[in-house]
Amino acid sequence: MIKEPKAKPSHFDKWNRAHRGAFMKGYNAFVSGESIEASPYDDKRQYSGKLTWSRSFHAAWVDGWRWASSGK
């Protein structure tokens, strides 16, 4: 079951749709009893060592998990 937080972070509606989705997945992971280590987003890098967007999705997921854990 998908739950919606009572309140969302400021400017949540202006976030990229994909990042909003990652946040909500993290939020619902907490509600479902998953641990913070359960993030499905790995820290992927390019062959050159440069970062990819995967780190931002992981951060959004963790933010959602923490948002739910704080009771918001």
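Up top is the structure.
Keep in mind it's a predicted model, so treat the numbers as computed, not measured.

(A) Looking closely at the overall build of the protein chain. The helix and strand tally for the protein chain stands at 2 helices and 0 strands. When its C-alpha atoms are laid out on the principal axes, the protein chain stretches across 40 × 25 × 20 Å. Counting all 72 residues of the protein chain, 28% fall into the buried class. Intrachain contacts of the protein chain at a sequence separation of at least 6 include 58% that bridge at least 24 residues. When the accessible surface of the protein chain is summed, it comes to about 5,200 Å², and 54% of that surface belongs to carbon and sulfur atoms. Taking the average place of the 13 positive charges on the side chains of the protein chain and the average place of its 7 negative ones, the gap between the two points comes to 5 Å.

(B) Local environment of helix α1 (residues 17-31). The first and last C-alpha atoms of α1 sit 21 Å apart over 15 residues, in line with the 21 Å expected at 1.5 Å per residue. Of all the residues in α1, the buried ones are H19, A22, F23, M24, G26, Y27, N28 and A29. Capping the start of α1, N16 holds a side-chain oxygen 2.6 Å from the backbone nitrogen of A18, two or three residues further along. Count one or two residues on from α1 and you reach G33, which has phi positive near 90 degrees.

(C) Quick peek at the packing of aromatic side chains. As enumerated under the stated definition, the model contains 6 aromatic pairs in all. For the pair F30 and W65, a centre-to-centre distance of 5.0 Å together with 90 degrees between the ring planes defines the contact as edge-to-face. With a gap of 35 residues between them, F30 in helix α1 and W65 in helix α2 (residues 54-69) connect regions that are remote in the sequence.

(D) The arrangement of the pattern of salt bridges in detail. Applying the stated rule across the entire model yields 1 salt bridge. Its salt-bridge partner being E4, residue K8 comes within 2.9 Å of it at the nearest N-O pair. The partly exposed category is assigned to K8, whose relative accessible area is 38%. E4 sits in the exposed class, given a relative accessible area of 51%.

Thresholds, definitions, all that
Residues numbered from 1 in each chain as written. Predicted model: local features only at pLDDT ≥ 70, side-chain atom pairs only at ≥ 80, totals over all residues. Heavy atoms only, no water. Helix = DSSP H or I, 4+ residues; strand = E, 2+ residues; numbered from the N terminus. Buried < 20%, exposed > 50% of the residue type's maximum accessible area, 1.4 Å probe, protein only. Contact = heavy atoms within 4.5 Å. Areas by Shrake-Rupley, 256 points an atom, 1.4 Å probe, with all protein chains shown as cover. Lys, Arg positive; Asp, Glu negative; His and termini not counted. Charge placed at Lys NZ, Arg CZ, Asp CG, Glu CD. Expected span 1.5 Å × (residues − 1). Polar contact = N/O pair within 3.5 Å; in protein donor to acceptor, adjacent residues only side chain to side chain. Phe/Tyr/Trp six-rings, centres within 6.5 Å; stacked < 30°, edge-to-face > 60°. Salt bridge = Lys/Arg side-chain N within 4 Å of Asp/Glu carboxyl O.

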